[in-house]
Amino acid sequence: MTQDDDIKTLDTQPDLGRRKFLGTTALVGLSGAGLSLGLSACNKESAPTEAAPGAKGEVAAHSPYEVAPGKLDTYYMFSSAGHAGDVRVFGLPSGREFKRIPVFNTDCMVGWGITNESKAIIGTNPDGSVKYDTGDTHHLHPSYTDGTYDGKYLFVNDKINCRLARVRLDTMECDRITQLPNIQGFHGTFPDKRDPVDSSINHTTRVFCGSEFSIPLPNLGKGLDDEAAYRSLFTCVDAESMEVRWQVLIDGNCELVATSYDGKLAATTQYNTEMATKYEEMMSLEWDTCLFFNVARIEEAVKAGKVRYYGDSKVPVVDGTKAANAEPKSALTCYVPIPKNPHGVNISPDGKYYACAGKLSPSASLIAHELVLKWFDGELKEPREAVVAEPEIGLGPLHTAFDNRGNAYTTLFLDSQMVKWSIEGAIKAYQGDKNAPVVLDRLDVHYQPGHGFTSMGETRECDGRFLVSDNKFSKDRFLPVGPLHPETSQLIDISGAKMTLVHDNPVASEPHDSIIIRRDIIKPLQIYNLDDFPNAVRDAKESGVFRDGRKVTVKLVSQAPAFSLREFRVKKGDEVTIILTNLDKVEDLTHGFAIQRHNINFIVNPQETKSVTFKVDRPGIYWCYCTHFCHALHMEMRSRMIVEA
Ligand code: CUK
Ligand code: CUA
Ligand code: CA
């Protein structure tokens, strides 16, 4: 039942014949002995049968959720990896991990942070050294068209160094990273779902970013002890250019961020309306807020020049503080009071309600989108009147997900539970109907869930099939692997009246948020276009060593199973740039390039070009070799760097 019939076309041919696919070019001129040496794992007949009691070496009974060997998953799941700094790609319902996309971390598997191209994206100091090589990714959301994912980009935050990264969904590689000025603790992030100013533009043009930690503005060493003056800014980044468009000065801080389906509002929960700098004081008030931004009005104010600047930042900042926005009809912001120290905010797929999870309060607050707009129109007395329900759901509510049948699923951190509740029931109960069904089901999860998220749940195409609970503690669920445990990602079937736990998957620490995307939306590239690389070495004949004073450029290509240069000569003291193009056009035929004792290690995918620059100051010979198993003659795929005295 989980093998979606309507997207069966993607269930590609397990029998396509990998022999054929590698055979076309990679095996030209290679003997049968080489084939068995390098490719035995691809030989279908050699599949292990030991653990298989069924006929023909297949397991007899199948779970309806099982993704059988050779079958493809129905969904992609993308996860932020927390302080590992990367983004992970999984398949659902299997839970199999496919890939890690390095973003803010250095990654020697692909050479992220090592190649010149990746260093240019990460950002380098004038001396060429990497400015930051660590990050903390908490929230990731794809770009939208018409209220659903368009498969173009994924945006992800770095809480440590306050950067927003963009990942291309066709290559599943990071292509831009932007530094946000004058903030600390960049946490919540969400792209808009359509342009709020130009209604003819029905896709993402902005990405909103919240700052959790307040600082003196500007943070240049003055006013360090004037804690009352510490401030947070809410930031808008252009989704295409990735330039920072504007910021909003606010009261309080920003936690999670959500956006409306009509593009009009962005929202952020605030747990520190106390504007405290010390732990205890952040919990001193009984009420905090969910803060709403009127995007069109903010952009008008920016246009009208009602802005200020902090430090040497060129980013215009508008005033979104409470005092400056008391008059609803001209207000840029609306502060809606909700119980103390809330955490997540998520909008329902019908676009009507924002669900704020209480965290310190055992409740969720449901805020109606229409009513917040009414407040901005001057038709509501108090912002609090936009709250239409506040059900008690359990202890430690953190994040809410939705199905397409009017139900919400909130993670309860302290109760270690997923709670399913009815939106309509909660609204009726709030209006005084004592018989209205609110909590419909509870499921124990293992243990202490952070984010919960449903299949397509952050889009208009929410399908109500699966819910994943990303749990912060795994304790006894898996074989122990030392003091650091993996987290548990639990797949839950929500298609029926009761939630059903399907399976546990260990996930390496420490994902926070994830999203589940139908696989037909993602259109991954298999082979790069050579023309996308201005420095491509287009032919083996272009290979060679090109000297310009002490700067030496070495151009070479890889074509299984050889590099075009068997050796290359440079001199002690040279600054060497190696440009490597992978001319192989075969899907999945990646080569690697590493140089002994020079800290160089990167890969080139089919038709891709990458470069590295480094100093050579030790005469000798240094073997370069292909690191990525590509061919039966992979071991022999080498070159020799000769450094002359
Ligand atoms: S936060 Cu981690 S569980 Cu950074 Cu999304 Cu709530
Ligand atoms: Cu080329 Cu391994
Ligand atoms: Ca508080």
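Structure: above.
Residues numbered from 1 in each chain as written. Chains lettered and ligands numbered in written order. Predicted model: local features only at pLDDT ≥ 70, side-chain atom pairs only at ≥ 80, totals over all residues. Heavy atoms only, no water.

**Observations concerning the overall build of the chain**
As a reminder of what qualifies: Runs of H or I in DSSP of at least four residues are treated as helices and runs of E of at least two as strands, each being numbered from the N terminus. Type-normalised accessible area, obtained with a 1.4 Å probe on protein chains alone, sets the label of each residue: buried when under 20%, exposed when over 50%, and partly exposed for intermediate values. The contact rule is simple, with two residues in contact once any of their heavy atoms fall within 4.5 Å. Accessibility throughout is a Shrake-Rupley quantity obtained with a 1.4 Å probe, and a residue counts as covered only by protein chains that appear here.
Counting its regular elements, the chain contains 6 helices and 39 strands. Out of the 645 residues belonging to the chain, those deemed buried represent 56%. Summarising the internal contacts of the chain: among those between residues at least 6 apart in sequence, 60% fall at separations of at least 24. Total accessible area on the chain is roughly 27800 Å²; 53% of this is exposed by carbon and sulfur atoms.

**A few points about the nonpolar core**
Note the threshold: Here, nonpolar core refers to any group of buried Ala, Val, Leu, Ile, Met, Phe, Trp, Tyr and Cys residues whose side-chain atoms link them within 4.5 Å.
Within the largest apolar cluster, 45 residues are counted, with the highest numbers of intra-cluster contacts made by Phe78, Val103 and Phe234. Setting aside its immediate chain neighbours within four residues, phenylalanine 78 contacts Arg88, Val89, Leu140, Leu154, Leu169, Met172, Asp513, Ser514, Ile515, Ile517 and Ile522. Val554, Leu565, Val586 and Leu589 belong to the second-largest nonpolar core, a separate cluster that totals 29 residues.

**What about the site of ligand 1?**
For clarity, the threshold we go by: Each residue is tested against the molecule or strand, and it is near if at least one of its non-hydrogen atoms lies within 4 Å. Three residue categories are used. Nonpolar comprises Ala, Val, Leu, Ile, Met, Phe, Trp, Tyr, Cys and Pro, charged comprises Asp, Glu, Lys and Arg, and polar comprises the others, including Gly.
Near ligand 1 the following residues occur: His138, His139, His187, Leu256, His343, His399, Gly450, His451, Lys472 and His512. Here the shell around ligand 1 is built from residues that sort into 1 nonpolar, 8 polar and 1 charged.

**Quick notes on the coordination of the calcium ion (ligand 3)**
Rules: Sites may look incomplete because water is not among the atoms; the donors themselves are N, O and S atoms within 2.8 Å of the metal, or within 3.2 Å for Na, K and Ca.
In the first shell of the calcium ion (ligand 3), the protein supplies Tyr271 (O), Glu274 (OE), Glu274 (OE), Met282 (O), Asp288 (OD), Asp288 (OD) and Asn341 (OD1), at 2.3 to 2.9 Å from the metal. For the calcium ion (ligand 3), the donor residues sit on a single chain with the sequence spacing Y-x2-E-x7-M-x5-D-x52-N. You'll find glutamate 274 and methionine 282 in the same group, each marked buried.

**Digging into the sheet that holds strand S11 (residues 244-250)**
This is how the line gets drawn: Two strands form a pair only when DSSP identifies at least two bridges running between them. Between N-to-C directions, angles span 0 to 180 degrees; the directions come from axes that are lines fitted to C-alpha atoms, helices contributing only their stretch in contact.
With respect to topology, 5 strands assemble into an open sheet ordered S8-S9-S10-S11-S15, the strand pairing being mixed. Looking at which strands have only one partner, the edges of the open sheet turn out to be strand S8 (184-191) and strand S15 (317-319). Pairwise comparison of adjacent strand axes, ignoring direction, gives a mean angle of 25° for this sheet. The pairing of strand S9 (residues 206-213) with strand S10 (residues 232-238) spans 5 bridges and is antiparallel. The partner of valine 207 across the bridge, within S10, is valine 237. Against the sheet, helix H4 (residues 295-303) contacts S9, S11 and S15, and its axis sits at roughly 105° relative to S11.

**Thoughts on H4**
Among all positions of H4, only Val295, Arg297, Ile298, Glu299 and Ala301 are buried. In the stretch just after H4, glycine 305 is the one whose phi turns positive, near 75°.

**Considering the sheet that holds strand S35 (residues 591-595)**
Reading across from one edge, S33-S39-S38-S35-S36 is the order of the 5 strands in this open sheet, with mixed pairing throughout. Both outer strands of the open sheet, strand S33 (567-571) and strand S36 (600-604), are each paired with one neighbouring strand and no more. When the angles between neighbouring strand axes are averaged without regard to direction, this sheet yields 20°. Bridge count for strand S38 (residues 620-625) against strand S39 (residues 638-644) is 6 bridges, and the pairing is antiparallel. Bridging from a neighbouring strand, tyrosine 622 pairs with methionine 641 of S39.

**Things to note about the environment of serine 489**
Put simply, the rule is: Pairs of N or O atoms within 3.5 Å make up the polar contacts considered here, provided that, within protein, one atom can donate a hydrogen while the other can accept it, and that residues adjacent in sequence are counted only when both atoms are side-chain atoms.
Locating serine 489 in the fold gives a position in strand S27 (residues 487-493). In the structure, serine 489 is positioned 16 residues away from asparagine 505 in sequence and 5.1 Å away in space, judged by C-alpha atoms. Of the polar contacts made by the side chain of serine 489, one reaches the side chain of aspartate 470; its length is 3.2 Å.

**Notes on the environment of asparagine 505**
Structurally, asparagine 505 is set in strand S28 (residues 500-507). Judged by its relative accessible area of 17%, asparagine 505 is buried. Residues asparagine 505 and proline 486, 19 residues apart in the sequence, show an inter-C-alpha distance of 9.3 Å. With sequence-adjacent residues up to four places away left out, asparagine 505 is seen in contact with Ser94, Gly95, Phe478, Glu487, Thr488 and Ser489. A polar atom in the side chain of asparagine 505 sits 3.2 Å from the side chain of histidine 503.

**Some points on the side chain of histidine 591**
Looking at the element boundaries, histidine 591 is found in strand S35. Only 2.7 Å separates the side chain of histidine 591 from the side chain of aspartate 584, close enough to count as a polar contact. Other than its neighbours up to four places away in sequence, histidine 591 contacts Ser558, Gln559, Ala560, Asn582, Asp584, Phe602, Ile603, Val604, Cys626, His628, Cys630 and Met637.

**Observations concerning the pairing of strand S7 (residues 173-179)**
Pairing geometry for strand S6 (residues 163-168) and S7, over 6 bridges, is antiparallel. Bridge assignment links arginine 168 to a residue of S7, and that residue is glutamate 173. Taken together, S6 and the strand that follows it, S7, pair antiparallel across an intervening segment of 4 residues, in which methionine 172 is found at a positive phi of about 55°.

**Points about the pattern of salt bridges**
Quick reminder of the rule: The rule for a salt bridge is simple: a side-chain nitrogen of Lys or Arg has to be within 4 Å of a carboxyl oxygen of Asp or Glu.
Scanning all chains against the criterion turns up 33 salt bridges. The closest approach of N and O atoms between arginine 194 and aspartate 146, which form a salt bridge, is 3.7 Å. Here aspartate 146 lies in the loop between strand S4 (140-145) and strand S5 (148-158) and arginine 194 lies in the loop between S8 and S9, a separation of 48 residues in the sequence. By relative accessible area, aspartate 146 is classed as partly exposed at 45%. In this structure, the salt-bridge partner of glutamate 608 is lysine 610, at a minimum N-O distance of 3.9 Å.

**Considerations on the environment of phenylalanine 453**
The residue phenylalanine 453 is located in strand S25 (residues 449-454) in this model. Separated by 42 residues in the primary sequence, phenylalanine 453 and threonine 411 have C-alpha atoms spaced 9.4 Å apart.

**Thoughts on unusual backbone geometry**
The omega angle of the peptide bond from histidine 446 to tyrosine 447 is -10°, so this bond is cis rather than trans. Looking at the secondary structure, you find tyrosine 447 in the loop between strand S24 (439-444) and S25. Of the consecutive residues alanine 560 and proline 561, the connecting peptide bond is found in the cis state with omega at 0°. Examined against the element boundaries, proline 561 turns out to sit in the loop between strand S31 (551-559) and strand S32 (562-563). Notably, cysteine 162 is not glycine yet its phi reads approximately 55°, a positive angle. Along the chain, cysteine 162 falls in the loop between S5 and S6. Its relative accessible area of 4% is what places cysteine 162 among the buried residues. Unusually for a residue other than glycine, arginine 597 sits at a positive phi of about 60°. Among the structural elements, arginine 597 can be located in the loop between S35 and S36. For arginine 597, a relative accessible area of 67% translates into the label exposed.

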